[in-house]
Amino acid sequence: MKLTFTLNGREVTEDAAPDQTLFAWLRAHHIKSVKCGCETSNCGLCTVWLDEEPVLSCSVLMARVDGHAVTTLEGVGPAREEFARCMAEEGAEQCGFCSPGLEMDVLALDRKHPDADDETIRRFLSGNLCRCSGYASQMRAIRRFLGRHKNPGGRLSERSEAAVAMEKQVKAAGKGVTSSDRGSSLSRPVVKKDAYALLAGKPAYADDLAPDDALIVKLVRSGQAHARVTKIDTSRALAVPGVVAVYTPEDAPRNSFTLAGQSYLECSPYDTRILDDVVRYVGDEVAMVVAETEEAAAKAAKLVKVTYEKLPAILDMEQALDNPTVIHDEKDWSYGADRTGDPKRNLVAHDVHEHGDVDAELAAADIVIDREYHTQAAEQAMMETMRSYAYTDAFGRLTVVASTQVPFHIRRQVAIALGIPKSQVRVIKPRVGGGFGAKQTGCNEVYAAFAAMKTGRPCKCIYSRVETMSCSNSRHEMKMRVRLGARRDGTITAIDLYALSNAGAYGYHATTTIGLVGAKSLPLYNRAASRFSYDVVYTNTMPGGAFRGYGATQGCFAVESAVNELADQIGMDPCELRLKNLVTEGETLWQLGEEPLRSCRVDECLKRVMHLTGWNRRPIVEDLGDKVRARGVALTMQGSGISNVDIANVDITLEDDGFYVLKIGATDVGTGADTILAQIAAEILGCDVDHVVTKGVDTDTSPFDTGAYASSGTYTTGGAVVKAARDLRDKIRRQAAVWWEIDPEDVEFDSGAVQTVDGKKRMTVAELANRAIGFGLNPGMLSGHGSNTQPQSPPPFIAAVAEIEVDKETGKYELTDYAAVVDCGTVINTNLARVQVEGGLVQGIGMAMCEDVSYDAKGKMRTDSFMQYKIPSRMDVPDVRVEFMPSYEPTGPFGAKSIGEVVINTPSPAIASAVAHATGNYVRSLPITPEKALHGDPVAAPAPRNPSKPE
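Presented here is a report on the structure given in the accompanying data block. Small disclaimer: the values here were computed from a predicted structure and weren't measured. (Residues numbered from 1 in each chain as written. Predicted model: local features only at pLDDT ≥ 70, side-chain atom pairs only at ≥ 80, totals over all residues. Heavy atoms only, no water.)

## A closer look at the sheet that holds strand S3 (residues 47–50)
Rules: Note: two strands are recorded as paired if DSSP finds a minimum of 2 bridges between them. What counts as a helix is a DSSP run of H or I of at least four residues, what counts as a strand is a run of E of at least two, and both are numbered from the N terminus. Axis definition: a line fitted to C-alpha atoms, over the contacting stretch in the case of helices. Angles run 0 to 180 degrees between N-to-C directions.
Strand order in the open sheet formed by 5 strands is S2-S1-S5-S3-S4, and the pairing between neighbours is mixed. Every other strand in the sheet has two partners, leaving strand S2 (10–15) and strand S4 (53–56) as the edge strands with one partner each. Between one strand axis and the next, the sheet turns through 40 degrees on average, direction left out of account. Pairing of S3 with S4 involves 4 bridges; the strand directions are antiparallel.

## Regarding the packing of helix H20 (residues 673–685) against helix H21 (residues 713–740)
Test applied: By definition in this entry, angles of less than 35 degrees are roughly parallel, angles greater than 145 are roughly antiparallel, angles of 65 to 115 are roughly perpendicular, and the rest are oblique. We call a crossing left-handed when the near helix sits turned anticlockwise from the far one by less than a right angle, and right-handed when that turn is clockwise. Here, two residues are considered to be in contact whenever any of their heavy atoms come within 4.5 Å of each other. Residues are grouped as follows: Ala, Val, Leu, Ile, Met, Phe, Trp, Tyr, Cys and Pro are nonpolar; Asp, Glu, Lys and Arg are charged; every other residue, Gly included, is polar.
H21 packs onto H20 with a crossing angle of 30 degrees between their chain directions and a minimal axis gap of 9 Å. Taken together, the axes of H20 and H21 are roughly parallel relative to one another. In this structure, H20 crosses over H21, and the sense of that crossing is right-handed. Only Gly713, Thr714, Thr717, Gly718, Val721, Val722, Ala725, Arg726 and Arg729 of H21 make contact with H20, whose side of the interface consists of Ile676, Leu677, Ile680, Ala681, Ile684 and Leu685. The residue makeup of the contact of H20 with H21, split by class, is 9 nonpolar, 4 polar and 2 charged.

## Things to note about the nonpolar core
Definition in use: The nonpolar core is taken to be a set of buried Ala, Val, Leu, Ile, Met, Phe, Trp, Tyr and Cys residues, with the residues joined through side-chain atoms within 4.5 Å. Between buried and exposed lies partly exposed: a residue is buried under 20% and exposed over 50% of the maximum accessible area for its type, with that area taken using a 1.4 Å probe on protein chains only.
Leu484, Phe884 and Ile911 are the most contacted members of the largest nonpolar core, which has 184 residues in total. Sequence-distant contacts of Phe884, that is, excluding residues within four places in its chain, are made with Met166, Gln169, Val170, Ala173, Val821, Val822, Cys824, Val827, Ala833, Arg834, Val837 and Ile899. Of all hydrophobic cores here, the second largest spans 45 residues; its members include Ala648, Val747, Val765 and Ile828.

## Some details on the pairing of strand S27 (residues 692–695)
To be explicit about the condition: A clockwise course of the path from the first strand over the helix to the second, judged with the strands pointing away from the viewer, identifies a crossover as right-handed.
Residues Val692 and Thr694 line the buried face of S27, whereas the alternating positions Val693 and Lys695 sit on a face that is not buried. Examined bridge by bridge, strand S26 (residues 660–664) and S27 share 4 bridges and lie parallel to one another. Paired with Tyr660 across the bridge in S27 is Val692. Following the backbone out of S26, through H20 and into the adjacent parallel S27, one traces a crossover that is right-handed.

## A look at the pairing of strand S31 (residues 783–788)
Side chains of S31 alternate between two faces, with Gly784, Gly786 and Asn788 buried and Ser783, His785 and Ser787 left unburied. In this sheet, S31 lies alongside strand S25 (residues 648–654) in antiparallel orientation, the contact comprising 6 bridges. Residue pairing across strands places Asp651 opposite His785, the latter belonging to S31.

The following block contains the structure:
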């Protein structure tokens, strides 16, 4: 069908299938600003204008476009740049994947409702999902953008008042605590280096960059939760025009590996193959189709006929241990670094950590709280689905371009899976559209790589939203028992915590996630005797993996809920109870590897959030008539990298005219790591942040880094940047000394220049750089190197208060306020730190209130799209309030600790406590639905069995 329409002001006449979507047509014609995050018209990422009205391009057929005008982000006017500036100066774009769709809707809102209030803004943009930002930063940007209509000449205000206020708050709260070595580049709201490119919709993500002629890889997936494959008939699939190949387990290497993105030797067991003749959950990979087009690949995948011998399935983790059905009975199953499991028992891992005489303290306690808690499996739900493509170069080496948090670990996974040397694999990381831990686990990279190796052509594997949500990984479901002993005065004397964790079908991260359940919750009450024991089991559900918080989220819910119940039982204010028991600086953290605590302002965080919320000025519960208002509190801690494991290497080079190239192996997944690391370098080198160019990760050219996980970016890689920049600074001084024929100790480096101590000779860094590559026997470009690993993982802390209003008749409740105060050491970038907190809090709020992975009786996931799996929209959450209480961590770069994970942990226990105060019902299983709030948990969960401790 020949269509004529206007695209971004230019007339287009072209043949197009009338049933093709506008989204598909735009992507095929290199309009990369439109993104797909859902396939169900739920996310708002593909928004364009049709005759200046915002529409979802995935829901518009090309037949409807004929004779009309289509405008994409590439074609809008100057107002876009003004709004982009507002977004960038708030740090609101984060990973940037959802930003173009939001921009199109905000610009439409600007035309229709230039004086829109908050309620109008939220309703107009309710369909624009974001998983990174928590929406508060976007709302600040939108208010500032719309506010220009009230300014003289309609001008945009020069600076963001919110960003200025945050900078002042951080500096005021850190006065006298953070070191004086924090200078001009730190604790400032520096705009992310990639902000304006992402806000312009530039091609930056894996699918944007894939070659147009790349073959399409589609996986044939199991419809059985547990079965043995007896036959695969590929004949009908191979007959589909455009199909290049169909691969089955017989065609793929039989090497066992793990998809856990961890340092070698991975703690997780080697229990996975590229394709296996046993399937262990609904969605497990059975075969793969490679075709010229999406349509051919999808059609062929449906025509592959698989015959199964059904096996009993275990869907309940409490039935897994020592079940007659063994989920992993393959002979080549092998241990990783953790050897505590036993696959014949469906046991992935087991251990006990004890400090003090827990049993004696419990026996002597005046009060013992004995409770069971259940945290659900939860989806990371990043807006960019799992995506990768691969090709072989002229020398036969495989190059994999992947949306991943762990490029170097992906290289190892691909090499082991394919049985080829690591020297034959190169991994490149483009921009990543969010990860939150999901992309710390490998996914489709091995399939794209295998197909490229077999066909000799570029191959890409793009997971749908359904595949990403049901065939990748989620947070581990856990059941926990807490026994907490205390004196009548509120002194906590003992905590006994047992956790049973559901690894799912494969053991990715199962042995490491569980450790943080105790290690990041029990040290808050460090003076109590404590025991943490656990079992991790296989089941026939989707594998668990990494998700922001990584076990600490589950442990925090259990321990903090028990502390709140203790306070209620003895009639003590829950904040005062915590202040009586909290860990303090100088203590040894017994459950956290016996590490010393060198920086801690958690008590001040709690006191500050009490002040912010008027904790002592208002009752915890207020009767409003038809509703009840109530509050709850929680604390948590996390870590900064993985002690004695994480490694970061950094190279920094002085280039022509005095700019610097920072080569890192760390992965920016939207957090702003590229910018934060450049700020640290700029601080030492005395230059503007814009003079530092941060190179993206390419395993062929980037120095080794374990990747973006365990809150390691600022702390671990930042420490390497400090060393590299100082190394380069010293080399610059020494080179000047050679030319001046003096001792290097007589040369000073200051503010982008070198000079002699007596001031008689001076040279700018730019002059030095140009001379170094000029005529004569010169050294060329000077480079500094830094390597960093740490023997400890200093914890950041956060204190938070949730306020809710509950309808007395229905139990429906609304989160009316959430305030949090964070100790993350020195705050490097005030805007990016605040957005990290806001985004993490809203993810935690979603886990507390609505998010839940569920399965039917046959093991098929029910919640495999945004139509069934509810994540918070901007209609569901208020603008969370955030402040910082900076401490100084002597082992961190300029005193910094981490912030990425700690922020997700407090909402569940805080909201649960608020619900209990409002209704009298202690909800101990997540999510906290209105039904549970009104009636309590419908079935009291039995205590998880603890084989390591007989009752």
